[in-house]
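# Chains, contacts and geometry: an overview
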Amino acid sequence: MATEVLAEIGRNPHFMPKTVADLLVERLIAWNVEVIFGFPGDGVNGIFGALRTHKDKLRFVQVRHEEAAAFAACGYAKFTGRLGVCIATSGPGGIHLLNGLYDAKCDGQPVLAITGHTFHDLIGTHYQQDVDLDKLFMDVAAYNQRVMGPAHVVNVVDEAIKTSLARRTVSHIVIPKDIQDWTEAKGARSSANIAEHSSDLFAAAYPVPPEHSLRQAADLINAGKKVAMLVGRGCVGAREEVLELAELVAAPVAKALLGKAAIPDRSPYSTGGIGLLGTAPSQDALQECDTFILAGTSFPYMEFLPKPGQAKSIQIDIDPARIGLRHPADVGLVGDCRSVLRSLIPLIERKTDRSFLEKSQKRMADWNQLMELRGTRDDMPMKPQVVTYHLNKLLDGNAIVISDSGTIATWTARYIEMRDEMKFSLSGLLATMANGLPYSIGAAVAYPDRQVVCIVGDGGLTMLMGEIATLVKYKLPVKVIVIKNNVLGEIKWEQLVMEAEPDYGVDLQPIDFAAFARSCGAAGFTIERPGDAESILRQALAHPGPAVIEAVVDPNEPPLPGNITAEQALHFAEAIAKGTKNGWKIIKTVMEDKIREVI
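Notes on the structure follow. Everything numeric here is computed off the predicted structure, so don't read it as measured data.

When helices and strands are counted, the protein chain shows 22 helices and 18 strands. Relative to its 599 residues, the protein chain shows a buried fraction of 57%. Taking all contacts inside the protein chain whose residues are at least 6 apart in sequence as the whole, residues at least 24 apart take part in 74%. Summed over its atoms, the accessible surface of the protein chain is roughly 24500 Å², and 53% of this surface lies on carbon and sulfur atoms.

Here the focus is the side chain of Glu557. Position of Glu557 relative to the elements: it lies in the loop between β18 (547-552) and α21 (566-577). A residue is classified by how much of its surface remains accessible, and Glu557, at 3% relative accessible area, is buried.

For the rest of this paragraph, the subject is the packing of aromatic side chains. Scanning the entire structure with this criterion turns up five aromatic pairs. The interplanar angle of 80° and the centroid separation of 4.9 Å between the aromatic rings of Phe48 and Phe60 together place this pair among those described as edge-to-face. Of this pair, Phe48 sits in helix α3 (residues 45-53) while Phe60 sits in strand β2 (residues 59-62); the two residues are 12 residues apart in sequence, bridging distant segments of the chain. Taking NZ or CZ as reference, Arg450 lies 5.1 Å from the ring centre of Tyr447, over its face.

This part is about the sheet that holds strand β17 (residues 523-527). To summarise the sheet geometry, strands pair through backbone hydrogen bonds and adopt either a parallel or an antiparallel arrangement. The strand order across the open sheet formed by six strands is β14-β13-β15-β16-β18-β17, and the pairing between neighbours is parallel. What marks the edges here is a single partner per strand, and that holds for β14 (423-425) and β17. Neighbour-to-neighbour, the strand axes of the sheet open up by a mean angle of 15°, direction not taken into account. Across five bridges, β17 lies against β18 in parallel orientation. Bridging across to β18, Gly524 finds its partner in Val548.

This part covers the pattern of salt bridges. Side chains that differ in charge, positive against negative, can pair when their charged atoms come close. Using the criterion set out here, one finds 29 salt bridges in the structure. A salt bridge links Asp132 to Lys135; the nearest nitrogen and oxygen atoms lie 3.5 Å apart. A residue is classified by how much of its surface remains accessible, and Asp132, at 25% relative accessible area, is partly exposed. The residue Glu534 makes a salt bridge to Lys393 at a minimum N-O spacing of 3.3 Å. A residue pair is termed long-range when its members are at least 10 positions apart, and Glu534 in helix α20 (residues 533-542) and Lys393 in helix α13 (residues 384-394) qualify at 141 residues. Relative accessible area serves as the criterion here: at 27%, Glu534 is assigned to the partly exposed category. One connected set of salt bridges, linked through shared partners, spans Arg377, Asp379, Lys383, Asp554 and Glu557.

The buried fraction of strand β10 (residues 291-295) is high, at five of five residues. Because side chains alternate across β10, one face comprises the buried residues Thr291, Ile293 and Ala295, and the other comprises Phe292 and Leu294, equally buried. Examined bridge by bridge, strand β7 (residues 227-231) and β10 share five bridges and lie parallel to one another. Counted as the bridge partner of Val231 is Ala295 from β10. Two strands pair when backbone bridges link them, and β10 and strand β11 (residues 312-317) are joined in this way by five bridges, in the parallel orientation.

Attention now moves to the packing of helix α12 (residues 355-375) against α13. For the pair α12 and α13, the least separation of the axes is 8 Å and the interaxial angle reads 110°. Compared by their axis directions, α12 and α13 come out roughly perpendicular. In this structure, α12 uses Glu372, Arg374 and Gly375 to contact α13, whose residues at the interface are Gln385, Val386, Tyr389 and His390. Considering only residue class, the contact of α12 with α13 consists of two nonpolar, three polar and two charged.

Turn by turn, an α-helix covers 3.6 residues, leaving residues three or four places apart pointing in a common direction. Within helix α10 (residues 280-288), seven of the nine residues are buried, which leaves it mostly tucked inside the rest of the structure. Restricting attention to buried positions, one finds in α10 the residues Ala280, Pro281, Ser282, Gln283, Asp284, Ala285 and Leu286. Next to the buried residues of α10 lie β7, β8 (253-255), β9 (270-273), β10 and α12. If you check the start of α10, you find a side-chain oxygen 3.1 Å away from the backbone N of Ser282, and it comes from Thr279.

In this fold, Thr352 is placed in the loop between α11 (337-344) and α12. The sequence separation of Thr352 and Val249 amounts to 103 residues, and the corresponding C-alpha distance is 8.6 Å.

A word on the environment of Leu98. Here Leu98 lies in helix α5 (residues 92-106). The exposure class of Leu98 is buried, given its relative accessible area of 15%. Each C-alpha atom, one on Leu98 and one on Ala141, is 9.9 Å from the other, the two residues being 43 residues apart in sequence. Those residues within four positions of Leu98 in sequence are excluded, and the remaining contacts are Leu136, Phe137 and Val140.

Attention now goes to the sheet that holds β11. What the six strands build is an open sheet, ordered β9-β8-β7-β10-β11-β12; its pairing is parallel. With one partner strand each, in any of the chains shown, β9 and β12 (331-334) form the two edges of the open sheet. The sheet shows a mean angle of 15° between the axes of neighbouring strands, direction not considered. Of the pairings in the sheet, the one linking β8 to β9 comprises two bridges and is parallel in character. Counterpart to Val253 in the pairing with β9 is Ser270. Across the sheet, helix α9 (residues 239-249) is in contact with β7, β8 and β10; its angle to β7 comes to roughly 165°.

This part takes up the pairing of β11. Counting buried positions along β11 yields five of six residues, so the element is predominantly enclosed. Bridge count for β11 against β12 is four bridges, and the pairing is parallel. Across the sheet, Ile316 pairs through a bridge with Leu333, a residue of β12.

The next subject is the side chain of Gln495. When you line up the elements, Gln495 lands in helix α18 (residues 489-498). From its side chain, Gln495 meets the backbone nitrogen of Tyr504 in a polar contact 2.7 Å long. Not counting the four nearest positions on each side in its chain, Gln495 is found in contact with Ala500, Glu501, Pro502, Asp503, Tyr504 and Val506.

The rules behind the values
- Residues numbered from 1 in each chain as written.
- Predicted model: local features only at pLDDT ≥ 70, side-chain atom pairs only at ≥ 80, totals over all residues.
- Heavy atoms only, no water.
- Helix = DSSP H or I, 4+ residues; strand = E, 2+ residues; numbered from the N terminus.
- Buried < 20%, exposed > 50% of the residue type's maximum accessible area, 1.4 Å probe, protein only.
- Contact = heavy atoms within 4.5 Å.
- Areas by Shrake-Rupley, 256 points an atom, 1.4 Å probe, with all protein chains shown as cover.
- Phe/Tyr/Trp six-rings, centres within 6.5 Å; stacked < 30°, edge-to-face > 60°.
- Lys NZ or Arg CZ within 6 Å of the ring centre and 35° of its normal.
- Pairing = 2+ DSSP bridges.
- Axes fitted to C-alpha atoms, helices over the stretch in contact; angles between N-to-C directions.
- Salt bridge = Lys/Arg side-chain N within 4 Å of Asp/Glu carboxyl O.
- Parallel < 35°, antiparallel > 145°, perpendicular 65-115°, else oblique.
- Nonpolar A, V, L, I, M, F, W, Y, C, P; charged D, E, K, R; others polar.
- Polar contact = N/O pair within 3.5 Å; in protein donor to acceptor, adjacent residues only side chain to side chain.

Scope: geometric values only; no functional claims are made or implied.
So this is what it looks like as structure tokens:
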């Protein structure tokens with residue numbers, strides 16, 4: 001490389017050899033990367049110079065915190081199915097990426113992180129921001145490499161991107177500050193490193209299980225009398241196949257939260273979510289089935305699955321290491337859910353006995369009635385369900401809905417109904433707070449013409465609240481619904497119900513979120529009364545730019561599980577007896593909720 005570049009300089013004195021940073025950015029463009037989320041710093045100044053000179057082909061979106069950059073890249077990957085890319089400077093900038101990158105790793109999303117490092121010949125000498133990021137990222141990144149020069153960078157970029165796409169995970173590239181500015185003329189290419197040997201091509205695999213495994217699975221399903229399905233994020237994109245199988249085998253379909261958009265919530269086969277955030281009909285169906293189909297999910301809470309030995313189990317997953325991870329599988333079918341289901345369905349016999357499904361449908365009708373009853377309450381303080389109940393009616397058929405972590409995930413899971421082409425996600429296995437707002441940045445950048453709505457709690461929002469300014473800067477018309485109860489609600493209820501202890505350390509200093517939004521240049525709205533919820537939400541959703549809708553709600557409204565266990569009830573009683581603040585108000589609220597379930 002160096003010889004050819006020097007010869008070109010001799011022929012053309014105006015010729016400018018490309019830097020490592022140029023080669024990096026141009027290779028990203030060759031891979032059809034269109035946007036990179038990040039925050040500048042002196043450790044990546046060389047790369048930012050290349051981003052500036054290539055800004056017509058690769059868009060840079062500046063966030064206010066590097067953690068938000070990684071979350072935005074993860075959200076972008078989740079909603080597009082494409083590679084998400086983020087960038088941060090050396091030392092603290094790279095460290096800040098980690099939470100969002102672990103979110104991508106846990107939820108199986110292809111994300112590439114690019115970081116800087118200190119000068120190559122000062123690494124390990126206690127120089128400023130000398131954090132060995134390639135070691136720090138060893139656990140989170142499946143591919144993790146330091147670029148050593150201009151002849152190395154293209155090879156590394158290709159390997160990083162292919163690894164992220166193939167394994168649906170995180171890759172990391174770190175480039176020392178001075179190496180970013182090295183040109184093609186600096187240093188010789190090794191004789192083993194043939195120029196242009198690496199390809200910017202990813203060839204996806206869509207494996208289908210062998211015929212004997214498909215037949216074995218079909219035999220078990222055809223023999224079952226009470227078939228239930230649990231679908232997850234692997235079935236998003238396989239809606240027709242899931243519904244066709246459910247129709248054939250008369251199966252109620254429960255959904256892990258990452259698979260919420262797999263089928264419509266009002267489908268006659270859907271029983272909604274599963275787990276603490278789920279529905280009673282889903283829990284009942286899984287407790288009573290004799291045949292259990294898990295498709296595209298690693299739902300972690302095993303206590304909600306059929307007891308081992310209760311049901312014959314067929315699991316479909318693209319990762320063979322996950323077969324039998326949560327529940328003993330009698331047959332494992334490895335491959336993309338859509339491809340596997342397409343191969344399995346022709347072997348399935350339509351069941352004439354529909355009684356198991358019909359029982360679930362009756363239960364689901366009763367559950368939906370209960371949800372409407374709770375969502376239309378006029379109590380003061382306003383119940384959080386009222387907000388998501390009315391919001392659900394106002395969403396576009398192709399809206400992208402994002403939830404943060406906390407009690408708001410319960411209200412979102414139960415009241416926001418997937419339909420038509422709607423998309424949904426949240427932080428799944430990592431269940432981190434603060435993901436919601438940055439996810440919405442990634443979604444709005446990817447889909448500028450679609451409605452993007454972010455539902456957050458006051459605890460999660462304040463962690464990365466500066467990203468409201470990012471929405472304003474880039475004119476991203478995201479609508480942020482903040483459920484304000486001035487408490488870390490999920491942690492409060494975990495302390496009461498799981499630990500049998502009074503809540504402690506969970507109260508939050510109140511913030512006027514509507515005023516904060518206006519101070520950033522966004523619109524700000526406040527809802528305090530149930531009767532105003534629909535009209536204010538309608539007004540806010542119609543606003544052409546970013547908006548924050550602050551909904552002031554009752555802090556004592558519990559996110560009750562679909563079915564409460566005796567142990568949970570006992571722990572709750574013990575916590576109240578130990579002196580929980582507002583204990584009688586909480587008891588009154590819980591009793592009112594339970595009474596509404598049975599009348």
